[in-house]
Amino acid sequence: QVQLVESGGGLVQPGGSLRLSCAGSGFIFSSRDMRWYRQAPGKERELVAQIGVGGTTNYADSVNGRFTVSRENAKRMVYLQMNSLKPEDTAVYYCNTYYNFKQWWGQGTQVTVSS
């Protein structure tokens, strides 16, 4: 069974940093693109960042230059380093992959940016 488990969320002041982690299991981690999504209250879930099997990365315009996605295939981990955080980054952040003809999601981790 595919499992994705996020960690690392919390409360941070504007301008601060957080590093989210996602542990994957139940699938061939190194063969799958991995994505980070977020969902703020009252808003649709949106794609934040993705990293391909070869390490190619893509970012939403709203986070480009502030967030960095990375992966460690040997540890079956994907990370999201978030710098210069803004109140509008407040959301539940989800790890995601597509495997066996299905989208898989973690339980999410809350990120709150507030003074």
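Here, the structure is the one placed above.
Read on for an overview of the structure. For clarity, every value in this text was computed on a predicted model and none was experimentally measured. (Residues numbered from 1 in each chain as written. Predicted model: local features only at pLDDT ≥ 70, side-chain atom pairs only at ≥ 80, totals over all residues. Heavy atoms only, no water.)

**Some thoughts on the pattern of salt bridges**
Argument step 1. Tallying each qualifying case throughout the model produces 4 salt bridges.
Argument step 2. One salt bridge in this structure joins glutamate 46 and arginine 38, with 2.6 Å as the shortest N-O distance.
Argument step 3. For glutamate 46, a relative accessible area of 34% gives the class partly exposed.
Argument step 4. Residue classification places arginine 38 among the buried residues on the basis of a relative accessible area of 6%.
Argument step 5. With a shortest N-O distance of 2.9 Å, arginine 38 and aspartate 89 are connected by a salt bridge. Of this pair, arginine 38 sits in strand E4 (residues 34-39) while aspartate 89 sits in the loop between strand E8 (77-82) and strand E9 (91-99); the two residues are 51 residues apart in sequence, bridging distant segments of the chain.
Argument step 6. On the accessibility criterion, aspartate 89 (0% relative accessible area) is buried.
Argument step 7. Linked through salt bridges whose partners overlap, the residues forming this network are Arg38, Glu46, Arg66 and Asp89. (Salt bridge = Lys/Arg side-chain N within 4 Å of Asp/Glu carboxyl O. Buried < 20%, exposed > 50% of the residue type's maximum accessible area, 1.4 Å probe, protein only. Helix = DSSP H or I, 4+ residues; strand = E, 2+ residues; numbered from the N terminus.)

**Considering the sheet that holds E8**
Argument step 1. Strand order across the open sheet formed by 4 strands is E1-E3-E8-E7, with antiparallel pairing between neighbours. Looking at strand neighbours, the two that pair on one side only are strand E1 (3-7) and strand E7 (67-72), the edges of this open sheet. The mean inter-strand angle of the sheet, taken between neighbouring strand axes irrespective of direction, is 15°.
Argument step 2. Bridge analysis of E1 against strand E3 (residues 18-25) gives 5 bridges, and the strand direction is antiparallel. Considered in E3, the bridge of leucine 4 is made with glycine 24. (Pairing = 2+ DSSP bridges. Axes fitted to C-alpha atoms, helices over the stretch in contact; angles between N-to-C directions.)

**Topic: the packing of aromatic side chains**
Argument step 1. In this structure the tally under the stated criterion is 4 aromatic pairs.
Argument step 2. Arranged with centres 5.9 Å apart and planes meeting at 40°, the rings of phenylalanine 27 and phenylalanine 29 form a pair that is tilted.
Argument step 3. According to the relative accessible area criterion, phenylalanine 29 is buried, its value standing at 1%.
Argument step 4. Plain terms: the ring middles of tyrosine 37 and tryptophan 105 are 4.9 Å apart, the flat faces sit at 65° to each other, and that makes the pair edge-to-face. Separated by 68 residues along the polypeptide, tyrosine 37 in strand E4 and tryptophan 105 in strand E10 (residues 102-105) bring together distant segments of the chain.
Argument step 5. Assessed through its relative accessible area of 35%, tryptophan 105 is described here as partly exposed. (Phe/Tyr/Trp six-rings, centres within 6.5 Å; stacked < 30°, edge-to-face > 60°.)

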